[in-house]
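Survey of secondary and tertiary structure
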Amino acid sequence: MDDFYTLSELAEKCGARVQGNGDKQITGLNTLQNAQQHELSFLANPAYAKYLQTTQAGAVILSPDAALGFSGNALILDNPYLAYARLSSLFDPDIGGSEGIHPSAVVNDSAIVDPSAAIAANVVIEAGVQIAAGVRIDAGTVVGHDSILGAGVHLHRNVTVCHGVTIGDRTIIHTGAVIGGDGFGNAHADGRWHKIAQIGGVVIGCDVEIGNNTCIDRGALGNTEIHNGVRLDNLIQIAHNVIIGENTAIAAGVGISGSTKIGKNCTIAGAAGFAGHLTIADGTFISGMAMITRSITKPGSYSSGTGFMESREWRKNVVRFRQLDDLARRVKQLEKQ
Amino acid sequence: MDDFYTLSELAEKCGARVQGNGDKQITGLNTLQNAQQHELSFLANPAYAKYLQTTQAGAVILSPDAALGFSGNALILDNPYLAYARLSSLFDPDIGGSEGIHPSAVVNDSAIVDPSAAIAANVVIEAGVQIAAGVRIDAGTVVGHDSILGAGVHLHRNVTVCHGVTIGDRTIIHTGAVIGGDGFGNAHADGRWHKIAQIGGVVIGCDVEIGNNTCIDRGALGNTEIHNGVRLDNLIQIAHNVIIGENTAIAAGVGISGSTKIGKNCTIAGAAGFAGHLTIADGTFISGMAMITRSITKPGSYSSGTGFMESREWRKNVVRFRQLDDLARRVKQLEKQ
Amino acid sequence: MDDFYTLSELAEKCGARVQGNGDKQITGLNTLQNAQQHELSFLANPAYAKYLQTTQAGAVILSPDAALGFSGNALILDNPYLAYARLSSLFDPDIGGSEGIHPSAVVNDSAIVDPSAAIAANVVIEAGVQIAAGVRIDAGTVVGHDSILGAGVHLHRNVTVCHGVTIGDRTIIHTGAVIGGDGFGNAHADGRWHKIAQIGGVVIGCDVEIGNNTCIDRGALGNTEIHNGVRLDNLIQIAHNVIIGENTAIAAGVGISGSTKIGKNCTIAGAAGFAGHLTIADGTFISGMAMITRSITKPGSYSSGTGFMESREWRKNVVRFRQLDDLARRVKQLEKQ
């Protein structure tokens, strides 16, 4: 991170028009409410427009419409939120990796590591691993044998990539994620469970991001697949042989059972659950904590559950839910009379 | 993994009868749809019978009935799925551990490690740990002081076994799992929480499998117990002093609150939740995302929640659920009239 | 842990009155049912009073009322549960850390580590980290650059503190927890997701406890905040810019979406979920698996979901729930007639 950027430099980086002082020095990025004089802010959600006139920000990213009534320094362009996204990395306090292999890292002789890769302290790289240019692997991470990391992949601290996993270019995997753990495969016989070796792999596309402590199981046979551009939040469970289509975004705590295929461009809110062997149409929206037990062929928005209410009221309604079939029959009976 | 097995060799390993060419060389295992000429496949689920006639598989594991109309190479026996489970490990691409202690591992002088154990890079073995024959501990794993690992235990990468944990023979613990972390014990007084030291342990039986990032808390007093043959999937929460009975299988994302006792041979689907201090009968089935708030004395299948539907319809029904008690009273009133 | 404490010593530590033999030697702590002659027990929950007369415990912590009918050795005071909490740490079998830095730990030259801190095997301390007196960091843990650990902080094994995180005095973080991972921030444009760098931090107060494999994301802009005395159980998801008020306790598996503000002294049961940008009043109770989609301004107890029932019955009721709006309309129609 440089000491500062001028407003003109930032305009160039995101394709904006400058209003006001292009030489204004910007050292950070913040919300309208909290930004200081040396910081850039942005207005993307109309609900925050009320903060525009009183913000202390040194400059604000605005749409042409929003800029009409604003006389301060501004970066003006059609999509302020996207501009914020693009400029945000300039102000990231993360130091980044140091090129080369830290002396405490354990790299198997048969691994191929590009000299531009940054391998941090106490990392373990097992046999046969291939690591492309610009890969960054943070402290404590383990890469299992025969895995392949594409150019620019970033594995955060204490990640585990198991054996035989393929990860596409520029994909980011966050701390504690487990890629390629065994799927849950057991055959029941003679009154007990017999383990089924999980001999498939995991193939992750390019420009994917996988959150903290998320688990992606390897295939039982064949691969589990996460396609290009997918976004997975924290603590998600992706079972064996699941396929997630391009650019689908899944919030924290979601569980997807084995062999379910989620389409492209889906949005799945937090803690939703999917049974196994389903197919979900491209562009589907699933609301938080929804329980999806059948395939969805028609894109749309789907939900389950009940709203929350005071527990005292809720308990009465829960009792009635138990009797709901009976209630419906009684209403039908009344209608007949 | 050998280069290949002949069909006759495989038949011997799983107790099958060979149909066709016993010298056929098999190098892998795959689904009927994807298997190639050198691969073995299987038919266990009648839904896939349609793929049998067109499969490219070099041989197929079949029941006697399914084999009637099939003229290709086959392994014939009563339980094809079990045969698949048994043969699967032959084709596992996992390299396995190297006998001995990797130079980068840190093993406390007071630990007792059997010479046949395989301790990988950057493993930490604390004081007083006992490690039996054939144990395999993968890279980055930590075993806390005074823990005991039975013969053939396999701890995957970056597992944490805390102090004073006992693990039975042949148990497998997957990446990121935490065995013996503190339970959630707090006493409320003077407007704040006072920590209760969790001084019990965890005792895990033989032939157990514990999934990625699953947490099993140590007992507050006395032990948390996971009995022989239990199967736990990923991201499961087992609170302090829970007991899980033999051969129970629990899918990903389930949470079990403190001191609840789950019976033997139960099957619990994903993301179900259990309140504390319950007793669940042997052989109970709990469906996905069910909320279990009372003990279950009668084995059976139990569920909660609502089905999913289009969000627009769902919102209307959710409003009515809030009024359900009122609705039931009104129906009763109508019936009186 | 000493070999034993006399009952008088224990009485002094928790402010109790001794009944019986103050020289009685106590070597452990256990439940009324399981305690042996050399162990201390306690009666806090009236449901366990039935075990008092038959307990083998060497002494029992009792309230004055409960002690009336008990002639054995006892520690008598008003809050037996709090006394149990306070004495529990005396009997904790955890060995604790060894002062100084283990030779296998990797500590950046620019980090400041108090000589009284205990840094265990294979720990990584990155650049610019500040570690105060009495900090304990267990094996395999990574502390990211520019993080600050207050006096007496305890990071268990394989914890990850990312960069720029501040942790207050005496806070305990359990195994596998991830503090300061990136929040889930993406802007959608041109048919794909653009990552928003998460440039805020995480500020954790004093006397906080954070459970195994729990994730606390760093702020997108500004900080995620966990205030003094908060208790978080395992596998919890705290998204970016969430604020958790003082002394709130949250059970395992809860998910809290971005920018939601939970008040002080709340109690949130397991696997509840919160949408983003909500405000929850101080002192609110949320029941297990509840789905909270709007702000709560009035303290109270809130719930959602349905009770569990046999799956056969449940399926019928689920069908009726789909028709609930229609059913309500029909009842209204009947009432009109």
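If you're wondering where the values come from, they're calculated on a predicted model, not measured in any experiment.

Attention now goes to the interface of chain C and chain A. At the interface, 79 residues of chain C touch 70 residues of chain A. Roughly 5,900 Å² is buried in total at the junction of chain C and chain A, and carbon and sulfur atoms are behind 60% of that figure. In terms of surface lost to chain A, no three residues of chain C exceed F184, W193 and L221 of chain C, which account for 12% of the buried area on that side. Applying the counting rule to chain C against chain A returns five salt bridges. For R320 of chain C, the salt bridge identified is with D325 of chain A, shortest N-O distance 2.7 Å. Put simply, chain C and chain A have 30 residue pairs in polar contact (both at pLDDT 80 or more) between them. Top contributing element to the side of chain C that touches chain A by residue count: helix α4 (residues 311-322) of chain C, with seven residues.

The next thing to look at is the side chain of H156 of chain A. By the secondary structure assignment, H156 of chain A is in the loop between β17 (154-155) and β18 (160-161). Other than its neighbours up to four places away in sequence, H156 of chain A contacts D138, T141, I172, I173, H174 and T175 of chain A.

At the interface, 70 residues of chain B touch 79 residues of chain A. Both sides of the chain B and chain A interface together cover about 5,900 Å² of buried area, and 61% of this is carbon and sulfur. A per-residue breakdown of the area chain B buries against chain A is headed by R157, F308 and F321 of chain B, which together make up 14% of the total. Put simply, chain B and chain A have six salt bridges between them. Where chain B touches chain A, the interface holds 31 residue pairs in polar contact (both at pLDDT 80 or more). The set of elements that each furnish at least two residues to the side of chain B that touches chain A consists of α3 (80-88), β28 (231-232), β31 (249-250), β40 (309-310), α4 (311-322) and α5 (324-336) of chain B.

So, about the relation of the copies chain C and chain A. Both copies of the chain are tied together by a single rotation about an axis and a shift running along it. Least-squares fitting of chain C to chain A yields an RMSD of 0.0 Å, with the transformation described by 0.0 Å of translation along the axis and a rotation of 120°. Interpreted geometrically, this transformation is the action of a three-fold axis. For chain C, the smallest separation between a C-alpha atom and the rotation axis is recorded for G305 of chain C, amounting to 3.3 Å.

A few words now on the sheet that holds strand β5 (residues 39-42) of chain B. Residues and elements named next belong to chain B. A sheet is described by the order of its strands in space; here five strands give the open sequence β2-β7-β6-β5-β4, paired in mixed fashion. A single partner strand is all that each edge strand has here, and the edge strands are β2 (17-19) and β4 (28-29). With three bridges joining them, strand β6 (residues 59-62) and strand β7 (residues 74-76) adopt parallel strand pairing. Within β7, the position partnered with V60 by the bridge is A74. Along the sheet, helix α1 (residues 7-14) makes contact with β2, β5, β6 and β7, crossing β7 at roughly 20°. Where α3 meets the sheet, it contacts β4, β5, β6 and β7, and its direction lies at approximately 125° from that of β6.

Here we come to unusual backbone geometry. One non-glycine residue, S259 of chain B, adopts positive backbone phi at about 70°. For R170 of chain C, which is not a glycine, the phi torsion comes out positive at approximately 65°. Residue classification places R170 of chain C among the partly exposed positions, given a relative accessible area of 46%.

Between helix α5 (residues 324-336) of chain A and α5 of chain B, the shortest axis-to-axis distance is 10 Å and the interhelical angle comes to 35°. Along this stretch, α5 of chain A crosses α5 of chain B, giving a crossing that reads as left-handed. Contact with α5 of chain A, carried on its side by L324, L327, R330, V331 and L334 of chain A, involves L324, L327, A328, V331, K332, L334 and E335 of chain B of α5 of chain B and no other residues of that element. For the contact of α5 of chain A with α5 of chain B, the per-class residue count stands at nine nonpolar, no polar and three charged.

What follows concerns the packing of aromatic side chains. Given two aromatic rings, their pairing is described by the distance between the two centres and the angle made by the two planes. Across all of its chains, the model carries 21 aromatic pairs over all chains by this definition. Taking 4.0 Å as the distance between ring centres and 10° as the angle between the ring planes, the aromatic pair formed by F42 of chain A and Y84 of chain A counts as stacked. In this pair, F42 of chain A is assigned in strand β5 (residues 39-42) and Y84 of chain A in helix α3 (residues 80-88), connecting sequence segments 42 residues apart. Look at F42 of chain A and you get buried, because its relative accessible area is 15%. Taking 5.6 Å as the distance between ring centres and 80° as the angle between the ring planes, the aromatic pair formed by Y5 of chain B and F91 of chain B counts as edge-to-face. With Y5 of chain B in strand β1 (residues 5-6) and F91 of chain B in the loop between α3 and β8 (100-101), the pair connects residues that are 86 residues apart, well separated along the chain. Across the pair, F91 of chain B and Y5 of chain B agree in class, each one buried. An aromatic cluster is present here, built from F42, Y81 and Y84 of chain A joined pairwise through their rings.

A word on α5 of chain A. Three or four residues apart is the spacing at which side chains of an α-helix point the same way, because the helix has 3.6 residues per turn. Across its 13 residues, α5 of chain A extends 19 Å between first and last C-alpha, which sits within 8% of the 18 Å expected from 1.5 Å per residue. Along α5 of chain A, the positions that sit buried rather than exposed are L324, D325, L327, A328, V331 and L334 of chain A. Its buried side turned inward, α5 of chain A meets α4 (311-322) of chain A, α5 of chain B together with α4 and α5 (324-336) of chain C.

Here N213 of chain B lies in the loop between β25 (209-210) and β26 (215-217). On the accessibility criterion, N213 of chain B (1% relative accessible area) is buried. A polar atom in the side chain of N213 of chain B sits 3.0 Å from the backbone oxygen of N213 of chain A. When neighbours within four sequence positions are excluded, N213 of chain B is seen to be in contact with G176, V178, N213, T214 and C215 of chain A, T175, G176, A177 and L235 of chain B together with N213 and L235 of chain C.

What follows concerns the nonpolar core. Most often, soluble globular proteins keep nonpolar side chains buried together rather than apart. Residues and elements named next belong to chain A. If you look at the biggest cluster of nonpolar residues, it comprises 51 residues, and the most contacted ones within it are I131, I137, L155, I179 and F274. Listed by contribution, the elements that provide at least two residues to this core are β19 (165-167) and β24 (202-204). Ignoring sequence-local partners within four residues, the contact set of F274 consists of V254, G255, I256, S257, T260, I262, I268, I280, I286 and I292.

What follows is about the UniProt feature "active site" (unreviewed entry) in chain A. Residues and elements named next belong to chain A. Under the feature "active site" (unreviewed entry), the UniProt entry names H240. Mapping H240 onto the fold places it in the loop between β29 (237-238) and β30 (243-244). For H240, the residues in contact, after removing those within four places along its chain, are G183, F184, G185, Q198, D217, R218, G219, A220, T224, G258 and S259.

The next point concerns the sheet that holds strand β4 (residues 28-29) of chain C. All names here are of chain C. Pairing is mixed across the open sheet formed by five strands, whose spatial order is β2-β7-β6-β5-β4. Of all the strands in the sheet, the pair left with one neighbour each is β2 (17-19) and β4. Pairing analysis gives three bridges linking strand β5 (residues 39-42) to strand β6 (residues 59-62), with the strands arranged parallel. Counted as the bridge partner of F42 is I61 from β6. Against the sheet, helix α3 (residues 80-88) makes contact with β4, β5, β6 and β7 (74-76), and its axis sits at roughly 125° relative to β6, the strand it touches most.

Right, let's get into the pairing of strand β23 (residues 192-195) of chain C. All names here are of chain C. Bridging between strand β22 (residues 186-189) and β23 involves four bridges; their strand directions are antiparallel. Bridge pairing in β23 places A189 opposite R192. Hairpin connection from β22 to β23: two residues lie between these consecutive antiparallel strands, with D190 at a positive phi of about 55°.

Moving on, we get to the pattern of salt bridges. This model, assessed by the stated rule, comprises 43 salt bridges over all chains. The partner of R329 of chain B in a salt bridge is D325 of chain B, and the shortest N-O contact between them spans 3.1 Å. With R329 of chain B and D325 of chain B both in helix α5, this residue pair falls four residues apart, about one helical turn. A salt bridge links R136 of chain C to D94 of chain C; its shortest N-O distance comes to 3.1 Å. Of the two residues, R136 of chain C sits in strand β14 (residues 136-137) while D94 of chain C sits in the loop between α3 and β8 (100-101), which places them 42 residues apart along the sequence.

Attention now goes to the environment of S257 of chain C. All names here are of chain C. Along the chain, the position of S257 falls in the loop between β32 (255-256) and β33 (261-262). Exposure remark for S257: the relative accessible area of 31% places this residue in the partly exposed category. Between the C-alpha atoms of S257 and Q198, which are 59 residues apart in sequence, the distance is 15 Å. Engagement of the side chain of S257 in a polar contact is seen with the backbone oxygen of F274, the distance being 2.7 Å.

Scoring rules and cut-offs
Position numbers for residues start from 1 in each chain and track the written sequence from start to end. Whichever chain is written first becomes A and whichever ligand is written first becomes 1, with later ones labelled in order. In view of the model being predicted, local features appear only for residues whose pLDDT reaches at least 70, and side-chain atom pairs are presented and counted only at 80 or more, with totals across whole chains, interfaces and linings using the full set of residues. Each side-chain value is worked out from all heavy atoms of the structure, with water and hydrogens disregarded. By the convention used here, residues are in contact when the closest approach between their heavy atoms is within 4.5 Å. Put simply, buried area is the surface a 1.4 Å probe can reach on two separate parts but cannot reach once they are joined, added for both. One side-chain nitrogen of Lys or Arg within 4 Å of one carboxyl oxygen of Asp or Glu is enough to make a salt bridge. The definition of a polar contact used here is a pair of N or O atoms within 3.5 Å, where within protein one atom must be able to donate a hydrogen and the other to accept one, and adjacent residues in sequence count solely through side-chain atom pairs. Strands are runs of DSSP state E lasting at least 2 residues, helices are runs of H or I lasting at least 4, and numbering of each runs from the N terminus. When the copies are superposed, the least-squares fit draws on C-alpha atoms of residues that have pLDDT of at least 70 in both. Paired strands are those between which DSSP finds at least two bridges. Interaxial angle, 0 to 180 degrees, is taken between N-to-C directions of lines fitted to C-alpha atoms, where a helix line uses only the stretch in contact. When accessible area is computed with a 1.4 Å probe and restricted to protein chains, residues below 20% of their type maximum are described as buried, those above 50% as exposed, and intermediate ones as partly exposed. By convention the crossing between two helices is left-handed if the near helix lies anticlockwise of the far one by an angle smaller than a right angle, and right-handed if it lies clockwise. Classification convention: Asp, Glu, Lys, Arg as charged; Ala, Val, Leu, Ile, Met, Phe, Trp, Tyr, Cys, Pro as nonpolar; all other residues, Gly among them, as polar. Put simply, two rings from Phe, Tyr or Trp (the six-membered ring, in Trp's case) pair if the centres are within 6.5 Å, and we call them stacked under 30 degrees between planes, edge-to-face over 60, tilted for the rest. A helix is expected to span 1.5 Å multiplied by its residue count minus one. Only buried residues count toward a nonpolar core, which is a set of Ala, Val, Leu, Ile, Met, Phe, Trp, Tyr and Cys residues joined through side-chain atoms within 4.5 Å. UniProt positions are given in the numbering used here, feature names are shortened, and annotations may be inferred rather than shown by experiment.

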